[in-house]
Amino acid sequence: MQLSDLENLKIAVVGAGYGGAAAAKALSLLGAQVDVYEQASRIREVGAGIGLRPSTMIRFREWGIFDAIAEVTSPSDYFEILTATGDPLMKEAWPADGEQVHTHLIHRGDFIDALLGVLPGGMVHLGHKLESVEEKGEGAILTFANGTTAEADLVVGADGIKSVVRHQLFSQQPPVFSGEHAYRTVISTDAAQGMVVDDNLRMYIGRGTKVYLLPLRHRGQVSFDITALNPDGTWAPQVTKENLLKTVEGFDERLVAITRDLDMDTVNIRAVYDIDPVDTWHTDSVVLVGDAAHSMLHHQGQGANSAIEDGGALADALKQADSLKEALALYQATRKPVTDELQRISRQGWTEEEINDVFPGQKPAAAGQE
Ligand SMILES: Cc1cc2nc3c(=O)[nH]c(=O)nc-3n(C[C@H](O)[C@H](O)[C@H](O)COP(=O)(O)OP(=O)(O)OC[C@H]3O[C@@H](n4cnc5c(N)ncnc54)[C@H](O)[C@@H]3O)c2cc1C
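Residues numbered from 1 in each chain as written. Predicted model: local features only at pLDDT ≥ 70, side-chain atom pairs only at ≥ 80, totals over all residues. Heavy atoms only, no water.

Describe the pattern of salt bridges, listing the residues and the values that go with them.
Between side chains of opposite charge, a pair can form when the charged atoms approach closely. Applying the stated criterion across every chain yields a total of 17 salt bridges. Arg347 is the salt-bridge partner of Asp274, the closest N and O atoms lying 2.7 Å from each other. In this pair, Asp274 is assigned in strand β17 (residues 268–274) and Arg347 in the loop between α11 (324–346) and α12 (352–358), connecting sequence segments 73 residues apart. Residue Asp276 is joined to Arg347 by a salt bridge in which the shortest nitrogen-to-oxygen separation is 2.9 Å. Taken together, the residues Asp276 in the loop between β17 and β18 (286–288) and Arg347 in the loop between α11 and α12 connect sequence positions 71 residues apart. A residue is classified by how much of its surface remains accessible, and Arg347, at 35% relative accessible area, is partly exposed. Each of Arg59, Glu62, Glu309 and Asp316 takes part in a single network of salt bridges with overlapping partners. (Salt bridge = Lys/Arg side-chain N within 4 Å of Asp/Glu carboxyl O. Helix = DSSP H or I, 4+ residues; strand = E, 2+ residues; numbered from the N terminus. Buried < 20%, exposed > 50% of the residue type's maximum accessible area, 1.4 Å probe, protein only.)

So this is what it looks like as structure tokens:
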């Protein structure tokens, strides 16, 4: 599209998570008029770490925000998978051969603060919970629970796994329960029983449980995450320290000790869900990005990274195509094959035998239960 067309484009982004913030940054760099509408009155993220992949960091360089993000990260050389007792199983170098940029480990809270911090002031409107989206003429109208409305030529639905935009325009399929819980917290490196020896992410795996140690050296902390089989699909289940200790039985004694010492008030507990692939991500004036489009299980560590990549691909498509309609089709054609595959791979979980070993005769709650 021509620069003048892009400058006249009024864009409303729904959701100020990683996907919405990244799309807002990329689209505002094109010169478009961007507003972001977020339901929360204060932005807060889970106390946990994630890895920003080389391709994500390269996008940040392109957007001129590499330093602002890198400042609150530690670069990492590889991700290692080990048995429950610490025997190495696999190592993935990041950067891989040919990649120039490291994966950077970051606290989720620092990440959203840094991303929102590089948006022009006044762009994000808090306290705007989307209730409905309606296409009208060549654009769409958003209605919020606070009684206000907004009109835009393009609406970007970045409203996460329970997306209202997806539900109203693209798919009414509910999220799908994975049969697992995620328990996430951040502890001081000193409390990590000497298990943090460098800046690399390690995952210990055995008997229905994965334990992640993700160092955040710049904070003197480590993200300590347990993902464990559990048939209870309640979104925010009640779980005790004893339950957690059961999930790490037989693991390296130091991992058991870290778990024993956890302050349960700091542990974020949730059942793990994804969505089935959505056939179509766009109309002529509304498009989905991030978890709203393709929420995936976290086993590949790609959900947030994919959300960032979506924002970049959407901006690229708008630059390359001759019209908005063409751009949205190009964006979907570029991104959907990649995220369909990531959704598929991320679902490759435990075998039935392994599940039966942890919960004899008990099946996880039915897929789709909320
Ligand atoms: C246990 C776990 C571990 C993970 N680990 C990793 C990892 O290591 N690496 C990785 O890349 N990814 C990881 N992910 C995935 C990652 O968290 C998500 O893919 C990412 O947060 C998606 O970003 P998003 O902006 O699309 O959605 P969200 O982060 O869900 O943001 C959506 C935003 O929209 C707002 N919103 C929702 N509804 C409305 C509404 N009606 N009106 C207005 N605003 C609304 C929400 O308040 C929120 O701010 C993990 C996920 C889980 C559950």
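Having seen the model, we can carry on.
Provide a residue-level description of the side chain of Ser346, including the pertinent values.
In this structure, Ser346 sits in helix α11. Judged by relative accessible area, which is 0%, Ser346 ranks as buried.

Got a sec to walk through the domain arrangement of the protein chain? Specific residues and values, please.
What the domain assignment lists for the protein chain is domain 1 (3–77 + 102–175 + 275–348) and domain 2 (177–273 + 352–358). Centre-to-centre, using C-alpha coordinates, domain 1 lies 28 Å away from domain 2. The partner domain 2 presents 25 residues to the 24 residues of domain 1 that form the contact. Summing the contributions of domain 1 and of domain 2, the shared interface buries around 1900 Å²; its carbon and sulfur component is 57%. The largest share of the area that domain 1 buries against domain 2 comes from Leu105, His298 and His299, three residues that together contribute 25% of it. Where Asp110 meets Arg219, a salt bridge forms, and the shortest distance between an N and an O atom there is 2.8 Å. There are 11 residue pairs in polar contact (both at pLDDT 80 or more) connecting domain 1 and domain 2. Breaking the side of domain 1 that touches domain 2 down by element, the ones donating at least two residues are β3 (49–52), β4 (73–76), β7 (103–107) and α5 (108–117). Considering every element that reaches the side of domain 1 that touches domain 2, the biggest residue donor is β4, with 4 residues. Split by residue class, the side of domain 1 that touches domain 2 holds 10 nonpolar, 10 polar and 4 charged. (Domains from an automatic or database assignment. Contact = heavy atoms within 4.5 Å. Buried area = accessible area lost by both parts, 1.4 Å probe. Polar contact = N/O pair within 3.5 Å; in protein donor to acceptor, adjacent residues only side chain to side chain. Nonpolar A, V, L, I, M, F, W, Y, C, P; charged D, E, K, R; others polar.)

Go over the environment of Glu180, please, and point to the residues and values.
Mapped onto the secondary structure, Glu180 falls in strand β13 (residues 176–188). Sequence separation of Glu180 and Ala313 is 133 residues, and the distance between their C-alpha atoms is 31 Å.

Describe helix α3 (residues 54–62), listing the residues and the values that go with them.
Taken residue by residue, α3 has Pro54, Thr56, Met57, Arg59 and Phe60 as its buried positions. Against the buried residues of α3 lie β3, α4 (66–70), β7, α5 and α10 (303–320). Gly64 sits one or two positions beyond α3 and adopts a positive phi of about 75°.

Please give an account of the sheet that holds strand β11 (residues 149–152) that cites residues and values.
On the basis of which strands lie adjacent, the open sheet formed by 3 strands has the order β9-β10-β11 and antiparallel pairing. Each end of this open sheet is capped by a strand with a single partner; those strands are β9 (130–136) and β11. With strand direction ignored, the average angle separating the axes of adjacent strands in the sheet is 20°. (Pairing = 2+ DSSP bridges. Axes fitted to C-alpha atoms, helices over the stretch in contact; angles between N-to-C directions.)

Just give me the short version of the packing of helix α2 (residues 18–29) against α10, but keep the residues and values in it.
Where α2 meets α10, the axes come as close as 8 Å, and the angle between the chain directions of the two elements is 25°. For the element pair α2 / α10, the angle class is roughly parallel. At the point where α2 passes α10, the crossing takes the right-handed sense. Side by side, α2 and α10 meet where Tyr18, Gly19, Ala22, Ala23, Ala26 and Leu27 of the first sit next to Ala304, Ala307, Ile308, Gly311, Gly312, Leu314, Ala315 and Leu318 of the second. Partitioned by chemical class, the residues of the contact of α2 with α10 number 11 nonpolar, 3 polar and no charged. (Parallel < 35°, antiparallel > 145°, perpendicular 65-115°, else oblique. Left-handed = near helix turned anticlockwise from the far one by under 90°.)

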